[in-house]
Amino acid sequence: MTRAEFILGGQKSGKSRRAETLAAAWLDASPSHRAVMIATAQAWDGEMRERITRHQLDRAQRVPGMATVEEPRALAEALRQHSDEQTLTVVDCLTLWLTNLMMPVDPALASDEAGVVAAAEALCAAIAAAPGPVVLVGNEIGLGVIPMGREVRAFVDALGRMNQQVAAACERVTLMAAGLPLVLKGAA
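Anyway, here's the lowdown on the structure attached to this text. (Residues numbered from 1 in each chain as written. Predicted model: local features only at pLDDT ≥ 70, side-chain atom pairs only at ≥ 80, totals over all residues. Heavy atoms only, no water.)

## Some words on the sheet that holds strand β6 (residues 172-177)
For step 1, the next point in the chain: Here we have 7 strands laid out as an open sheet, ordered β3-β2-β4-β5-β1-β6-β7, and mixed in their pairing. If you trace the sheet from one side to the other, it starts and ends with β3 (66-70) and β7 (180-185), each paired once. Strand-to-strand, the axes of this sheet are offset by a mean angle of 20°, without reference to chain direction.
For step 2, the next point in the chain: Two strands pair when backbone bridges link them, and strand β2 (residues 34-39) and strand β4 (residues 87-92) are joined in this way by 6 bridges, in the parallel orientation. (Pairing = 2+ DSSP bridges. Helix = DSSP H or I, 4+ residues; strand = E, 2+ residues; numbered from the N terminus. Axes fitted to C-alpha atoms, helices over the stretch in contact; angles between N-to-C directions.)

Okay, structure coming up:
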């Protein structure tokens, strides 16, 4: 098991499924192992509530021993709180976490560029300090056209910078496409 793995890909590329597979293997390796998922999604509307419920039910079937903690914003703190030598921590997903920082439902809670940079740095420090293995899931959205609108371009830029920081902090980086992993960094 790699100490820290960052799994990137597009929507429905198999990112979360890979993280779940790693968690299931970790749990099967020893009766003393635990797994916890830090979920960053928030139910902004009915469709998102249904999506979250579906993910919870599917995850419970695929990895019944994995606990879930919901933390939409204080990710570094949650990682520090839940990581230990016997616990694999899955963070799903960094893209939604960044959305919660930059474009929260309450605009008064929005982080400025300096706040986003500080949050990403704190996350990378928490990854480095984690005593147990960490698997992080995030979207690679910078492969398409340049988005229209200043705010959306700022988000895509911030996500690209954060993905680079997290990739640098992890021993393995895996790109998912069509359910297939391509290891970009580290041993396969």
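So, next bit.
## Section: the pairing of strand β5 (residues 134-139)
For step 1, the next point in the chain: Among the 6 residues in β5, 6 count as buried, and that is most of the element.
For step 2, the next point in the chain: Here β5 shows a buried face lined by Val134, Leu136 and Gly138 and a second buried face lined by Val135, Val137 and Asn139.
For step 3, the next point in the chain: With 6 bridges joining them, strand β1 (residues 4-9) and β5 adopt parallel strand pairing. Its bridge partner being in β5, Ala4 is matched across the sheet by Val134. (Buried < 20%, exposed > 50% of the residue type's maximum accessible area, 1.4 Å probe, protein only.)

## What to know about the pattern of salt bridges
Opposite charge on two side chains makes pairing possible when the charged atoms of those side chains draw close.
For step 1, the next point in the chain: Summed over the entire model, instances satisfying the criterion amount to 8 salt bridges.
For step 2, the next point in the chain: Across the pair Glu171 and Arg3 runs a salt bridge, and its minimum N-O distance is 3.6 Å. One end of the pair, Glu171, is in the loop between α6 (150-169) and β6; the other, Arg3, is in the segment before β1, and 168 residues separate them in sequence.
For step 3, the next point in the chain: Arg62 is the partner of Glu20 in a salt bridge, and the nearest nitrogen-oxygen pair spans 2.4 Å. (Salt bridge = Lys/Arg side-chain N within 4 Å of Asp/Glu carboxyl O.)

## Considerations on the side chain of Thr89
For step 1, the next point in the chain: Of note, Thr89 is situated in strand β4.
For step 2, the next point in the chain: Take Thr89: its relative accessible area is 0%, and that puts it in the buried class.
For step 3, the next point in the chain: With sequence-adjacent residues up to four places away left out, Thr89 is seen in contact with Val36, Ile38, Leu79, His82, Ser83, Pro133, Val134 and Val135. (Contact = heavy atoms within 4.5 Å.)

## Here we look at the pairing of β6
For step 1, the next point in the chain: In this structure, β1 lies alongside β6, joined through 5 bridges in parallel fashion. Counted as the bridge partner of Leu8 is Leu175 from β6.
For step 2, the next point in the chain: Two strands pair when backbone bridges link them, and β6 and β7 are joined in this way by 5 bridges, in the antiparallel orientation. Along β7, the bridge assignment pairs Met176 with Pro181.
For step 3, the next point in the chain: Hairpin connection from β6 to β7: 2 residues lie between these consecutive antiparallel strands, with Ala178 at a positive phi of about 55°.

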